[in-house]
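Remarks on the overall topology
One-letter residues, chain by chain:
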Amino acid sequence: QVYVVESGGGLVQAGGSLRLSCAASGRAVNSRMVAWFRQAPGKEREFVAAFSWSDSNTYYKDSVKGRFTISRDNTKNTVYLQMNSLNPEDTAVYSCAAGYVSGRPIDHRSAYNYWGRGTQVTVSS
């Protein structure tokens, strides 16, 4: 059985922090790359960050660099997204993606086969 489950979303004031978790099982665990995407109301889903399981390289959307940090816990098959200095523009449903398809752009949603249902992050001004 394959699952990808996010947790940790919520309501926070501007300038605050949240940590999202992405737990994976089954074939999703063997994904070479795990990523976070987000979708704000009325907007397209966009790439936020990715973690390479093989070499621990990380990748970020420009607007979150220096504020967000993606990391992993091998023992728990879990990837985290630490989000600091949040602003209202970060408000969105954040989804975790796994099952990376080798050779595809890591910042494109077509590169991932397994998705969680998402967790809501709301940043108030």
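Now for a description of the structure that goes with this document. (Residues numbered from 1 in each chain as written. Predicted model: local features only at pLDDT ≥ 70, side-chain atom pairs only at ≥ 80, totals over all residues. Heavy atoms only, no water.)

Thoughts on the pattern of salt bridges
Test applied: Salt bridges are counted wherever a side-chain nitrogen of Lys or Arg sits within 4 Å of a carboxyl oxygen of Asp or Glu. Throughout, exposure labels follow a simple rule: accessible area from a 1.4 Å probe, protein chains only, divided by the maximum for the residue type, with under 20% read as buried, over 50% as exposed, and the rest as partly exposed. Per the convention used, a helix needs a DSSP run of H or I reaching at least four residues, while a strand needs a run of E reaching at least two, with both numbered from the N terminus.
Taken as a whole, this structure holds 6 salt bridges when the rule is applied. As a salt-bridge pair, E46 and R38 come within 2.6 Å of each other at their nearest N and O atoms. Since its relative accessible area comes to 5%, R38 is described here as buried. Note that D90 and R67 form a salt bridge whose closest N and O atoms lie 2.8 Å from each other. Of this pair, D90 sits in the loop between strand 8 (78-83) and strand 9 (92-100) while R67 sits in the loop between strand 6 (58-60) and strand 7 (68-73); the two residues are 23 residues apart in sequence, bridging distant segments of the chain. Taking relative accessible area as the criterion, R67 reaches 13% and is therefore assigned buried.

Looking at the packing of aromatic side chains
Which entries qualify depends on this criterion: Only Phe, Tyr and Trp rings are paired, with Trp represented by its six-membered ring, and only when their centres lie within 6.5 Å; those with planes under 30 degrees apart are stacked, over 60 edge-to-face, the remainder tilted. Counting as a charge over the ring demands two things of the Lys NZ or Arg CZ atom: a distance within 6 Å of the ring centre and an angle within 35 degrees of the ring normal.
Evaluated as defined, the whole model comprises 6 aromatic pairs. A ring pair is formed by Y100 and Y112, whose centres lie 5.7 Å apart and whose planes are at 50°; its orientation type is tilted. Here Y112 lies in strand 10 (residues 112-115) and Y100 lies in strand 9, a separation of 12 residues in the sequence. Its relative accessible area of 12% is what places Y100 among the buried residues. With centroids separated by 6.3 Å and ring planes inclined at 80°, the aromatic side chains of Y112 and W115 adopt a geometry described as edge-to-face. By relative accessible area, W115 is classed as partly exposed at 27%. Just above the ring of Y80 sits the side chain of R19; from NZ or CZ to the centre is 4.1 Å. A cation sits over an aromatic face here: R45 above W115, 4.5 Å from the ring centre.

Keep in mind these numbers describe shape, not what the thing actually does.
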